[in-house]
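Here's the letter readout for the chains.
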Amino acid sequence: MIKALLWDVDGTMAETERDGHRVAFNRAFEDFGLPWRWDVERYAELLAVTGGRERLLHDMRSRPDAPAVPAERDRLASEVHARKNACYAELIHSGRISLRDGVRALMDECRERGVRMGIATTTSKRNVDALLRAHLGPCWTHWFGALVCGEDVVGKKPDPEVYLKALRQLGLRPLEAVAIEDSPGGAAASCAAGVPVVVTRSVFFASATIEGAIAIGPGLGQRDGWRPALEGAASDRIDLDDLIAWRHGMEYTSGFG
Ligand code: XBP
Ligand code: MG
């Protein structure tokens, strides 16, 4: 039996990378009078770097108009990143970013059936709060027995630290939980922590090679396109029984790439 679901946030709960952080970074660049803009194509490349501030610093290294002195570059990155987070919250409040299909239903099912939930994310608590307050209400923290964010770890994903801390907060062993992730880095982090992972691909990782998942598919809101293929159709989405079946099946397979 699965005792807990460990949720990634960005890309997994909502398309926050394409419609949230990317758009917010562009607004922040504009606010700072910087001519830099990240289109979807460029952002897809930049997602290889986890952490928004780290991503920005990485991009600045190839920009001749970025400050040459490291301390100045660091300061500008911190300021732009802070502004990005404010813009991100505004975007969430404007109602432009919804939860992905099947996310809320699976969370409700976990609560009804006594399966605990945790959050293991690279983004900050502030950004998680903006998203989940808008969609789950002001008491959203009560839904989760573990909350581990970017500021709580030394090494961001694909480092397993965020998962190891979430397990510790829940008092569980890795095989008692299942992670839900959308990206190669996120899946690598959960695998490295020994937590079986189900991958719900987000737009940026629709065809990426993702290794080690016990199941992988196009989204929790549909039953087509998943591997291993789903049997039966008790619901029109991925439900807890599907996760339990995949978790059980992993005893017999070595994972699906
Ligand atoms: C999410 C991230 C984050 C967000 C931006 O990865 O890498 O950096 O893109 O958030 P994951 P911050 O979904 O694997 O947790 O600006 O707060 O870093
Ligand atoms: Mg993610």
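Owing to the predicted nature of the structure, the values given are computational and were not obtained by experimental measurement. (Residues numbered from 1 in each chain as written. Chains lettered and ligands numbered in written order. Predicted model: local features only at pLDDT ≥ 70, side-chain atom pairs only at ≥ 80, totals over all residues. Heavy atoms only, no water.)

Colleague: Requested: an account of the coordination of the magnesium ion (ligand 2), with residues and values cited.
Modeller: In an ideal octahedron of six donors the angles at the metal are 90 or 180 degrees, and in an ideal tetrahedron of four donors they are 109.5 degrees. All of the protein donors around the magnesium ion (ligand 2) are Asp8 (OD), Asp10 (O) and Asp182 (OD); their distances to the metal are 2.1 to 2.2 Å. For the magnesium ion (ligand 2), the single-chain donor residues occur in sequence as D-x1-D-x171-D. Remark: Asp182 occurs in the loop between strand S4 (177-181) and helix H8 (184-192) and Asp8 occurs in the loop between strand S1 (4-7) and helix H1 (16-31); sequence separation between them is 174 residues. In terms of burial, Asp8 and Asp182 fall into one category: buried. (Donors = N, O, S within 2.8 Å, 3.2 Å for Na, K, Ca; no water. Helix = DSSP H or I, 4+ residues; strand = E, 2+ residues; numbered from the N terminus. Buried < 20%, exposed > 50% of the residue type's maximum accessible area, 1.4 Å probe, protein only.)

Colleague: Account for the site of ligand 1, with residues named and values stated.
Modeller: Near ligand 1, the surroundings consist of 17 residues, among which Glu17, Gly52, Arg55, His81 and Lys84 are the closest. The separation between an oxygen atom of ligand 1 and a polar side-chain atom of Lys84 is 2.6 Å. The separation between an oxygen atom of ligand 1 and a polar side-chain atom of Lys157 is 3.2 Å. Considered on its own, ligand 1 offers 450 Å² of accessible surface; in the complex 96% of this is hidden by protein. Of all the secondary-structure elements, those providing two or more residues to the shell around ligand 1 are H1, helix H3 (52-60) and helix H4 (70-93). Looking at the shell around ligand 1, you find at least three residues from each of domain 1 (4-15 + 99-253) and domain 2 (17-93). (Near = heavy atom within 4 Å. Polar contact = N/O pair within 3.5 Å; in protein donor to acceptor, adjacent residues only side chain to side chain. Areas by Shrake-Rupley, 256 points an atom, 1.4 Å probe, with all protein chains shown as cover. Domains from an automatic or database assignment.)

Colleague: Before we move on, can you summarise the packing of H4 against helix H6 (residues 125-136) with the specific residues and values?
Modeller: It is the contact of H4 with H6, at a shortest axis distance of 9 Å, that shows an interaxial angle of 5 degrees. With respect to H6, the axis of H4 lies roughly parallel. In this structure, H4 uses Lys84, Asn85, Ala86, Tyr88, Ala89 and Ile92 to contact H6, whose residues at the interface are Arg126, Asn127, Ala130, Leu131 and Ala134. Classifying every residue of the contact of H4 with H6 gives seven nonpolar, two polar and two charged. (Axes fitted to C-alpha atoms, helices over the stretch in contact; angles between N-to-C directions. Parallel < 35°, antiparallel > 145°, perpendicular 65-115°, else oblique. Contact = heavy atoms within 4.5 Å. Nonpolar A, V, L, I, M, F, W, Y, C, P; charged D, E, K, R; others polar.)

Colleague: I'd like a description of the side chain of Asn85, backed by residues and values.
Modeller: Relative to the helices and strands, Asn85 is located in helix H4. Given a relative accessible area of 8%, Asn85 falls into the buried group. Apart from the residues lying within four places of it in its own chain, the contact partners of Asn85 are Arg126 and Asn127.

Colleague: I'd like a description of H3, backed by residues and values.
Modeller: When we look at burial in H3, the residues that qualify are Gly52, Arg55, Leu56, Leu57, Asp59 and Met60. Those residues of H3 hidden inside the fold are in contact with H1, helix H2 (40-46) and H4.

Colleague: If you had to explain the sheet that holds S1 to someone new, which residues and values would you point to?
Modeller: Strand order in the open sheet made by the six strands is S3-S2-S1-S4-S5-S6, with parallel pairing throughout. Edge strands, defined here as strands with exactly one partner in the open sheet, are strand S3 (146-148) and strand S6 (215-217). Across the sheet, the axes of successive neighbouring strands diverge by a mean angle of 15 degrees, strand direction being ignored. Here four bridges tie S1 to S4, and the two strands are oriented parallel to one another. By the bridge assignment for S4, Leu6 is matched with Ala179. Where helix H5 (residues 103-113) meets the sheet, its contacts fall on S1, strand S2 (116-120) and S4, and the angle it forms with S1 comes to roughly 150 degrees. (Pairing = 2+ DSSP bridges.)

Just distances and angles here, no functional claims.
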